[in-house]
Amino acid sequence: MKTVQTISKIISKYLPIWIVLISIIAYAIPDAFLSIRQLTGFGLGTIFFLMGLSLSSDKLLEVIKNPKYALLGVLLKWTIMVGVSIGVAYVFFADQAEIATGVILAGTVPSGTSANIYTFIAGGEVALSITMATLDTFISPVLTPVLLQVFAGRFIPIEFWPLFLNIIQVVFLPLLAGLFVQWKWQQQVETVKPYTPVLSQLALFIVILSVISNAQEALSSNLSVLPLVFVAVTLQVCIPMLSGYFIARGLGVPERNARAILFHTGICNSALAATLAMEHFGSLAAVPAVANMVMNLTIGALMASLFENRFRIKEDEVKA
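Residues numbered from 1 in each chain as written. Predicted model: local features only at pLDDT ≥ 70, side-chain atom pairs only at ≥ 80, totals over all residues. Heavy atoms only, no water.

**Points about the environment of Ala 285**
For clarity, the cut-off: Helix and strand labels come from DSSP, where a helix needs a run of H or I of at least four residues and a strand needs a run of E of at least two; each type is numbered from the N terminus. By definition in these notes, contact holds between two residues if any of their heavy atoms fall within 4.5 Å.
With respect to the helices, strands and loops of the structure, Ala 285 is situated in helix H15 (residues 283-319). Spatially, the C-alpha atom of Ala 285 lies 7.6 Å from that of Ala 100, the residues being 185 residues apart in sequence. If sequence neighbours within four positions are ignored, Ala 285 has contacts with Glu 98, Gly 102 and Ala 277.

Following this line, the structure appears as structure tokens:
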């Protein structure tokens, strides 16, 4: 048990470094991961299944009884993040259809699981973070295809139903399955819960290896555009993060809840975006999602560290 906790802490603490390292390995030797290239959907489904297993019904009920902060966070995410993503795509990549579609897709998927981890590190309200992520997951099968059809349809023809069914299969059903298993076999699940964070992180690594190795050829043939892509996705992550936090604080949202909203607004499930891009729009459309994955994890880790130190300083001042 202690060994698993130690491994989980090491992975969580240095998650951006692991992501970058794994991405480089997958890019350098893509053929080494041929056997797992078809496991992207399975890896994502595993993450959402584990999310369903680990949801605390008591904490969720507390947030549901007072849902205003959760609803505000979801509203900010689906307005600010979507608006910034559309603006970035139209300004930077109006003449590059697949990349523009990938940018919009990366901003119209549910929030990433790392948002929950960073909320915890930053001293934010984890129950609120999980509730917002759950709401995201339930509404994204409809919102993601609709938003893509409306705003990315000018670049690439978007088929609503295949995308809708794909999200249902990869996101919605595994989450429901996890919730059902937790409800049906609660005692047995309690013994598994301590391992869900590290299992989710390992599943994320499988997804990254699969996505990067699949997209290696597209990345190699478009190296010249990568610097601009990274500039674009940095704006795509930073603007919603800061906007979500300061708008929340301006509306009187408590600090812990505002921190949860910050990560929820700025971090999307770019692994899911990359998977959907590969399956529906081509490997080039996955490039912005891969870049977003690296940047949202890196920037998220920096923000979490900043708030963690700030939170500790306040505690020390109170003790003094």
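**A few points about the nonpolar core**
Spelled out, the test is: What makes a nonpolar core is a set of buried Ala, Val, Leu, Ile, Met, Phe, Trp, Tyr and Cys residues whose side-chain atoms join them at distances within 4.5 Å. For every residue, the accessible area obtained with a 1.4 Å probe (protein chains only) is divided by the maximum for its type, and the residue is called buried under 20%, exposed over 50%, and partly exposed between those limits.
In terms of nonpolar packing, the biggest core is built from 95 residues, with Ile 19, Phe 93, Leu 105, Ile 208, Met 241, Ile 261 and Phe 263 touching the most fellow members. Excluding its chain neighbours within four sequence positions, the residues that come into contact with Ile 19 are Leu 204, Phe 205, Ile 208, Val 294 and Leu 297. In this structure, Ala 215, Ala 218, Leu 219 and Leu 226 belong to the second largest nonpolar core, which totals five residues.

**Looking at a nonpolar patch on the surface**
Selection criterion: Nonpolar side chains (Val, Leu, Ile, Met, Phe, Trp, Tyr) are joined into patches within 5 Å and like charges within 9 Å, using only residues with over 30% relative accessible area and no salt bridge. Each accessible area is a Shrake-Rupley estimate made with a 1.4 Å probe; only the visible protein chains count as cover when residues are assessed. What counts as a salt bridge is simple: a side-chain nitrogen of Lys or Arg found within 4 Å of a carboxyl oxygen of Asp or Glu.
A cluster of nonpolar side chains, namely Ile 10, Tyr 14, Ile 17, Trp 18, Leu 21, Ile 25 and Ile 29, defines an oily patch on the protein surface of about 610 Å² accessible area. The greatest single-element share of the nonpolar patch, amounting to four residues, is contributed by helix H2 (residues 15-28). Checked against the element boundaries, Ile 17 lands in helix H2. Overall, Ile 17 belongs to the exposed group, its relative accessible area being 54%.

**A few points about the packing of aromatic side chains**
Let me state the cut-off plainly: In summary, the pairing rule links any two rings of Phe, Tyr or Trp, Trp by its six-membered ring, whose centres are within 6.5 Å, and it sorts them by plane angle into stacked for under 30 degrees, edge-to-face for over 60 and tilted for everything else.
In total, this model carries six aromatic pairs according to the counting rule given. Centre to centre, the rings of Phe 180 and Trp 183 are 5.8 Å apart; their planes meet at 50 degrees, and the pair counts as tilted. Taken as a pair, Phe 180 and Trp 183 lie in helix H9 (residues 160-184) at a separation of three residues, close to a single helical turn. When its relative accessible area of 43% is taken as the criterion, Phe 180 is described as partly exposed. Ring centres of Tyr 245 and Phe 307 lie 5.3 Å apart, and the angle between their planes is 50 degrees; this geometry places the pair in the tilted category. Of the two residues, Tyr 245 sits in helix H12 (residues 226-250) while Phe 307 sits in helix H15, which places them 62 residues apart along the sequence. Looking at Tyr 245, the relative accessible area reads 6%, which means it is buried. Ring pairing ties together the aromatic residues Phe 180, Trp 183 and Trp 185, which thus form one cluster.

**Quick look at the packing of helix H8 (residues 126-151) against helix H13 (residues 255-266)**
To be explicit about the condition: Inter-axis angles, ranging from 0 to 180 degrees, are taken between N-to-C directions of lines fitted to C-alpha atoms, where helices are fitted over the stretch in contact. Definitions for this section: a left-handed crossing has its near helix turned counterclockwise from the far helix by less than a right angle. A right-handed crossing has that turn clockwise. Three classes are used: nonpolar for Ala, Val, Leu, Ile, Met, Phe, Trp, Tyr, Cys and Pro, charged for Asp, Glu, Lys and Arg, and polar for all others, with Gly counted as polar.
Orientation of H8 relative to H13, taken along the N-to-C sense of each, is 35 degrees, at an axis distance of 9 Å. For the pair H8 and H13, the sense of crossing is right-handed. Here H8 contributes Leu 128, Ser 129, Met 132, Ala 133 and Asp 136 to the contact with H13, which in turn contributes Asn 257, Ala 260, Ile 261 and His 264. A per-class count over the contact of H8 with H13 returns five nonpolar, three polar and one charged.

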